[in-house]
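# Residue-level structure breakdown
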Amino acid sequence: MRVDRLPCDELPEATRQAIAARVGPDCPRAEVENGTSSALASLFWPSGSDTEMVFVKGLPLDHDRIGELQAEVAVNPHLPASAPRMLWQEEAGGWLLLGFEGANASAWAWFGDDSSHLKAIAAVLGELSHTPAPEQVRLTPWERWGEYCDPADEILLTGDRLVHSDPAASNFMIERGGRVWIDWAWAMRGPAWIDTALWGMRLVLDGKQTPEQAAAWTRTIPAFTTASREAVVILTEAEARSWEAWQAYGMTGLEETISAARAWARYWATP
């Protein structure tokens, strides 16, 4: 479910005052357009601060997706260095606000097959595949994709690695020097190969790659090459069905996403 974005100027007075108390009054800012999980997403440039930029995101406390933001609070201290560090949290005016260190980086990564970003992203996904999930991460892939699978398949989607679960181009930011930053929202505990399998679909969708080109990139990540084809088929089919379900629920504008997910699933389902 996409979240409607609200400009900072339209927040409740108490919410705006709480942000101003953190970043300074009349602090220069820019609204962030990408992303679909926060009602507020603004980048601030505080003066006289040790932090060059502060990214503030937030949701009303009664929003259906507030649990995701609360989970992000619990998990952030345990995420790898590629995740922006959370600086503060605040409840004000009926909103939950989170302040993160801002990244002096691209708004999102380019996923085309000729992109200079892909090697760095593959390296980060490779490192992530070796990262144990901290105790605070309890959400599992089965909770997200299980309803689109056979119950007997749960063991194939079970693991103890830290999983990002949404490696879309809009969640990766690349600094000029090549450092990769990742925006985290749905951390999970699962198999080491899942992020790479999901990344492949995003290479098809966000980067307009063919499934063959995307598969070549996914095979550069060792953890993915050890996954059984059966498990990859189960996940990719479930991902495609999940987008089809969102469309059936009434979400519009998903035709391109479903087409990419289906193409990626067919690639792995074909012997």
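Reading guide: rules and limits
- Residues numbered from 1 in each chain as written.
- Predicted model: local features only at pLDDT ≥ 70, side-chain atom pairs only at ≥ 80, totals over all residues.
- Heavy atoms only, no water.
- Axes fitted to C-alpha atoms, helices over the stretch in contact; angles between N-to-C directions.
- Helix = DSSP H or I, 4+ residues; strand = E, 2+ residues; numbered from the N terminus.
- Parallel < 35°, antiparallel > 145°, perpendicular 65-115°, else oblique.
- Left-handed = near helix turned anticlockwise from the far one by under 90°.
- Contact = heavy atoms within 4.5 Å.
- Nonpolar A, V, L, I, M, F, W, Y, C, P; charged D, E, K, R; others polar.
- Pairing = 2+ DSSP bridges.
- Buried < 20%, exposed > 50% of the residue type's maximum accessible area, 1.4 Å probe, protein only.

### Things to note about the packing of helix α5 (residues 194–205) against helix α9 (residues 255–269)
Where α5 contacts α9, the two axes come as close as 9 Å, and the packing angle between them is 125 degrees. One finds that α5 runs oblique with respect to α9. Considering how the two elements wind past one another, α5 and α9 form a crossing that is right-handed. Residues Ala197, Gly200, Met201, Val204 and Leu205 of α5 pack against Glu256, Thr257, Ala260, Ala261 and Trp264 of α9. In the contact of α5 with α9, the residues fall into seven nonpolar, two polar and one charged.

### A look at the sheet that holds strand β1 (residues 29–31)
Two pairing modes exist for strands in a sheet, parallel and antiparallel, and in both the strands are linked by backbone hydrogen bonds. Here we have five strands laid out as an open sheet, ordered β1-β2-β3-β5-β4, and antiparallel in their pairing. Looking at the sheet topology across the chains shown, the edges are occupied by β1 and β4 (86–92). Averaged over all adjacent pairs, the angle separating strand axes in this sheet is 20 degrees, with direction ignored. Running at roughly 150 degrees to β4, helix α1 (residues 13–23) makes contact with β2 (40–44), β3 (54–60), β4 and β5 (95–101) of the sheet.

### Observations concerning the packing of α5 against helix α8 (residues 229–249)
The packing of two helices is summarised by the inter-axis angle and the distance between the axes. Here α5 crosses α8 at 55 degrees, and the two axes come no closer than 10 Å. Classed by the angle they form, the pair α5 and α8 counts as oblique. Relative to α8, α5 is oriented so that their crossing is right-handed. When α5 is examined against α8, the residues Ile194, Ala197, Leu198, Met201 and Arg202 are found in contact with a partner set consisting of Leu235, Glu239 and Trp243. Looking at the contact of α5 with α8, its residues break down into six nonpolar, no polar and two charged.

### What to know about the environment of Leu139
By secondary structure assignment, the location of Leu139 is in the loop between α3 (118–128) and α4 (141–145). A sequence separation of 115 residues divides Leu139 from Gly24, and the C-alpha atoms of the two residues are 36 Å apart.

### Thoughts on the pairing of β2
The buried fraction of β2 amounts to five of the five residues, a majority that puts the element mostly inside the structure. Neither face of β2 is open: one carries Leu40, Ser42 and Phe44, the other Ala41 and Leu43, and all of them are buried. Two elements, β1 and β2, share three bridges in a ladder whose sense is antiparallel. Across the sheet, the residue bridging to Glu31 is Ser42, located in β2. Judged from the five bridges that link them, β2 and β3 form a sheet pairing that is antiparallel. Residue pairing for β3: Leu40 is matched across the bridge by Gly58.

### What about the pairing of β5?
For β5, the tally of buried residues reaches six of seven residues, placing the bulk of the element in the interior. The sheet contact formed by β3 and β5 spans seven bridges and is antiparallel. Looking at β5, one finds that Pro60 is bridged to Trp95. Bridging between β4 and β5 involves six bridges; their strand directions are antiparallel. In the strand pairing of β5, Glu91 is matched with Leu96. If you look at the hairpin formed by β4 and β5, you'll find two residues sitting between the two strands, and Gly93 has a positive phi there, around 65 degrees.

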